[in-house]
Structure formats: C-alpha cells, structure tokens
Amino acid sequence: MQFLPITATPFPHPGYRELLPCAGLAPYVRCFWTSWNEAVTVPSPEREKALSAVIPDLCADIIIVTDGTEDTADGRAVLRMDFCGVNDRMFWSGHSYAPYRRLFGIRLYAWQASLFSDEPLSKTANACFDAGVHFATAERLLRQRFSPSMTLGEFKVAAEGILLLLLERPVRKVPEQHRLVRDAVMQMIRMRGAQGLSSLLKDVHAGERQLERLFAYTCSLSPKKVSSLIRYQSLWQALCRKGHSAPGSVAMQDAVFAYGYFDQAHLLNDFKKFHGMSLPEARKLAGLLGAQAECGDSLLR
C-alpha cells in the first residue's frame, strides 16, 4: 500500500524541488530533494527572520549541505553531511543567511532507514547528528560520488546506486525483526492509524514489549506514536486534496469517522498537537485558501 507523507507546504514553491525514487527503492525512500537560497548580496531583516514549518512526516533525512561564495555550482563545496531523525512534533527551521548555500537530501521512511545505517537508530528522534555517527558507510560512499555541481537528477542517480548497494550487504540484523516492524507499519497504514494496539498485535502476531523494543531500535518511536502520526499524516493528505471543506462541514464529520476520532474537537486538537497550528492556519500556510488548492489531487501521485 502506497503511503506518501507530505510537508507543511506540499505544493511546488520556489527554492525547493524533489524527485521520486526508482521502483526498486520506492518502499524505502520517500524522495530525493534539493533546496537553495536565492543569491542576494545584502541580508534583510525579513530574510533573517524567515522560518519554515517542519511537520512530522514519518521520514528521516540524510542531508548534504554545500556552500560557496560565488553564483556558480563549481564555486560550492561540501560543508557537512547530517542525519536528521524522525520527528514527532512540529518545529520551526530557520534559514541561515548564505546566498549560495544548497542542500541535497535523501528522505527515508523512518521504519526503513535502519536498513542503510551502520548503527541502531534508537534515540535519534527529534535530533540531528553528523551522518557518520549512524551512516558511516553511506557517508563515505556519498563523499566519493557526490559533486556540488550535480543537478538533482544526477544526485538521484548517484544516491540510488549507493542505496541499492547498501541493501545488498549481508544481513546483520535478524530479518524477522525488521519484518515485524514493516508488517506492523503496513497494517497501520491500511487502517489509517485508527486501529487499537491490542488489535494490531493480534494482526501481526507480536507481543507488546517485543514490538515496543523493535520500533525503538529501528525508528526511535513507539508503535503507538507511529500509529498516531500515520493517522495525522493521512488526515493532512486528505485535507490537502481537492474537495475537502473547512471545519464544521459534512466532509469534516466524515473525516472524524474515517480516522477514528471521538468527535470533531478531538480531531482538531490532535491535528494541532502534531502540526503546531490550527487547521485554518495550516491550510493558509499550505496555500489551500488560494488557487493552489485546485492542484491538490496531485499530492499522492
């Protein structure tokens, strides 16, 4: 079952682009992406205060930061490589003033990221690390094949080759453990996060402590939290599609039932807890109050 988490600003916008992975990596990689700063000579107060909302999307990112002093790709160099673990709450990300800075990223599904790591990903939620701490092999291979002058398409090809190579490594983790986590997440996605834990455990034939331990090891979140985030993300995706109305409408009442909320207040409070703002504020930030709402059907393609 396809599950494509989206960001707080999911429609195309300046300074950001992403590409979907090849079919072989689709179960593991949400997308390859790049973002860049506009080349300006003098920072403005407004630019210094610019912030981006980063919402929980059940993904973890390997990010390559490049920087330079001239408006050419050849003038940039790799500043650092980071790994940002899955987050379970919204935060505001500031824009460092660097007119020629560009980022390249590999967005991995949180429950699959450990397949590419050299170390367990426990205690990595809501935190960023040097990529070498958990992904030493991937970092080494990326440094060998990456060039700051790459286009996003060229980066995608190079990164895909590395990820496919890493998947071929001898299994160092018990395959059954990863299978249980994967099966549990797939069941959560099928149920859009509305299934209770006891029912989930029966479906995947696992014990509560066993599943808690495996989820902590692979993605640093509990099964209950992952299920809640899947429900939140499924709701956000649906609300971003064409045809969904404002809170209080029949469509919103349908969403209460579809996603297993007690009532409309429960839905709105749960959404605000994860998104960090009210639903009307989220829709405005996403551009859903304007003409962009008309292209919402393309979000899950």
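Look above for the structure.
Quick caveat: nothing in here was measured; it's all calculated off a predicted structure. (Residues numbered from 1 in each chain as written. Predicted model: local features only at pLDDT ≥ 70, side-chain atom pairs only at ≥ 80, totals over all residues. Heavy atoms only, no water.)

Visitor: Would you take a moment to explain the overall build of the chain for this structure?
Guide: Secondary structure summary: the chain contains eleven helices and eight strands in total. Counting every position in the chain, which comprises 301 residues, the buried fraction comes to 47%. (Helix = DSSP H or I, 4+ residues; strand = E, 2+ residues; numbered from the N terminus. Buried < 20%, exposed > 50% of the residue type's maximum accessible area, 1.4 Å probe, protein only.)

Visitor: Explain the nonpolar core to me, please; I cannot follow it from the model alone.
Guide: Among soluble globular proteins, nonpolar side chains are generally buried collectively. Grouped together as the largest cluster of nonpolar side chains are 52 residues, with contacts concentrated most on Trp-111, Val-185, Phe-215, Val-226, Ile-230, Leu-235 and Trp-236. Residue assignment for this core shows that the elements contributing at least two residues are α5 (175–190), α6 (197–204), α7 (208–219), α8 (223–239), α9 (250–258), α10 (264–275) and α11 (279–286). Residue contributions to this core peak at eight residues, all from α8. The contacts of Ile-230, once residues within four sequence positions are left out, are Phe-3, Leu-58, Val-185, Met-188, Ile-189, Arg-192 and Gly-193. Counting residues in hydrophobic clusters, the runner-up holds 28 residues, among them Met-81, Ile-106, Ala-159 and Leu-166. (Core = buried A, V, L, I, M, F, W, Y, C linked by side-chain atoms within 4.5 Å. Contact = heavy atoms within 4.5 Å.)

Visitor: Any chance you could explain the packing of aromatic side chains here in plain terms?
Guide: By convention here, two paired aromatic rings are described through the distance between centres and the angle between planes. Evaluation of the coordinates by the stated rule reveals twelve aromatic pairs. Taking 6.4 Å as the distance between ring centres and 85° as the angle between the ring planes, the aromatic pair formed by Phe-32 and Phe-155 counts as edge-to-face. Of this pair, Phe-32 sits in strand β2 (residues 29–36) while Phe-155 is found in helix α4 (residues 152–167), placing the two residues 123 residues apart along the sequence. A relative accessible area of 0% places Phe-32 in the buried class. Pairing Phe-104 with Phe-155 gives two aromatic rings, centres 5.3 Å apart and planes at 55°, and the pair type is tilted. Taken together, the residues span a long stretch of sequence, with Phe-104 in strand β7 (residues 102–109) and Phe-155 in helix α4 at a distance of 51 residues. Classification of Phe-104 as buried rests on a relative accessible area of 0%. Three or more aromatic residues joined by ring pairs make a cluster, and in this case those are Phe-32, Phe-104, Phe-146 and Phe-155. One Lys or Arg, Arg-192, reaches over the ring of Tyr-259 and ends 4.9 Å from the middle of that ring. (Phe/Tyr/Trp six-rings, centres within 6.5 Å; stacked < 30°, edge-to-face > 60°. Lys NZ or Arg CZ within 6 Å of the ring centre and 35° of its normal.)

Visitor: Would you explain the sheet that holds β2 in this entry?
Guide: Strand pairing in a sheet relies on backbone hydrogen bonds, with the paired strands running either antiparallel or parallel. A sheet is described by the order of its strands in space; here six strands give the open sequence β1-β2-β7-β4-β5-β8, paired in antiparallel fashion. Every other strand in the sheet has two partners, leaving β1 (16–19) and β8 (128–130) as the edge strands with one partner each. On average, each strand axis in the sheet is tilted by 25° relative to the strand beside it, whichever way the strands run. Pairing analysis gives seven bridges linking β2 to β7, with the strands arranged antiparallel. If you follow Ser-35 over to β7, its bridge partner there is Leu-103. (Pairing = 2+ DSSP bridges. Axes fitted to C-alpha atoms, helices over the stretch in contact; angles between N-to-C directions.)

Visitor: Please clarify how the state of the cysteines should be interpreted in this entry.
Guide: Linking two cysteines covalently via their sulfur atoms produces the bond known as a disulfide. Following the criterion strictly, the structure yields one disulfide and no others. Paired through a disulfide, Cys-84 and Cys-128 show a sulfur-sulfur distance of 2.5 Å. Between Cys-84 and Cys-128 the sulfur-sulfur dihedral comes to about 105°; the bridge is accordingly right-handed. Taken together, the positions of Cys-84 in strand β5 (residues 76–84) and Cys-128 in strand β8 put the pair 44 residues apart, joining distant regions of the chain. With a relative accessible area of 17%, Cys-84 lands in the buried category. (Disulfide = S-S within 2.5 Å.)

Visitor: How should I be thinking about the side chain of His-275 in this particular structure?
Guide: Relative to the assigned elements, His-275 resides in helix α10. A distance of 2.7 Å separates the side chain of His-275 from the side chain of Tyr-232, its partner in a polar contact. Excluding anything up to four places from it in sequence, His-275 contacts Ala-8, Ile-55, Met-90, Tyr-232, Trp-236 and Ala-282. (Polar contact = N/O pair within 3.5 Å; in protein donor to acceptor, adjacent residues only side chain to side chain.)

Visitor: Honestly, the pattern of salt bridges in this entry has me stumped. Any pointers?
Guide: Proximity of charged atoms lets side chains of opposite charge pair with each other. In total, this model carries 13 salt bridges according to the counting rule given. The residue Asp-118 makes a salt bridge to Arg-169 at a minimum N-O spacing of 2.9 Å. Taken together, the positions of Asp-118 in the loop between β7 and β8 and Arg-169 in the loop between α4 and α5 put the pair 51 residues apart, joining distant regions of the chain. (Salt bridge = Lys/Arg side-chain N within 4 Å of Asp/Glu carboxyl O.)

Visitor: I'm lost on α10 in this one. Help?
Guide: Because an α-helix packs 3.6 residues into every turn, residues spaced three or four apart end up facing the same way. In this model, α10 (twelve residues) spans 16 Å end to end at C-alpha, consistent with the 16 Å of a helix rising 1.5 Å per residue. Among the residues of α10, those classed as buried are Leu-267, Asp-270, Phe-271, Phe-274 and His-275. For α10, the angular spread of buried residues about the axis comes to 115°, placing them on one side. Facing away from the buried surface of α10 by more than 90 degrees, the exposed residues are Asn-269 and Lys-273. The N-cap of α10, judged by a side-chain oxygen 3.2 Å from the amide nitrogen of Ala-265 a few residues on, is Asp-263. Positive backbone phi, at 80°, marks Gly-276, one or two positions downstream of α10. (Expected span 1.5 Å × (residues − 1). Arc of directions from axis to C-beta.)

Visitor: Just checking my understanding: could you explain the packing of helix α3 (residues 136–145) against α4 for this structure?
Guide: Geometry of a packed helix pair, given as the angle between the helix axes and the separation of the axes. Two numbers describe how α3 lies on α4: the axes approach to 10 Å, and their chain directions differ by 145°. Considering the relative orientation of α3 and α4, their crossing is right-handed. Contacts between α3 and α4 involve Thr-137, Ala-138, Leu-141, Leu-142 and Arg-145 from the first element and Phe-155, Ala-158, Gly-161, Ile-162, Leu-165 and Leu-166 from the second. The residue makeup of the contact of α3 with α4, split by class, is eight nonpolar, two polar and one charged. (Left-handed = near helix turned anticlockwise from the far one by under 90°. Nonpolar A, V, L, I, M, F, W, Y, C, P; charged D, E, K, R; others polar.)

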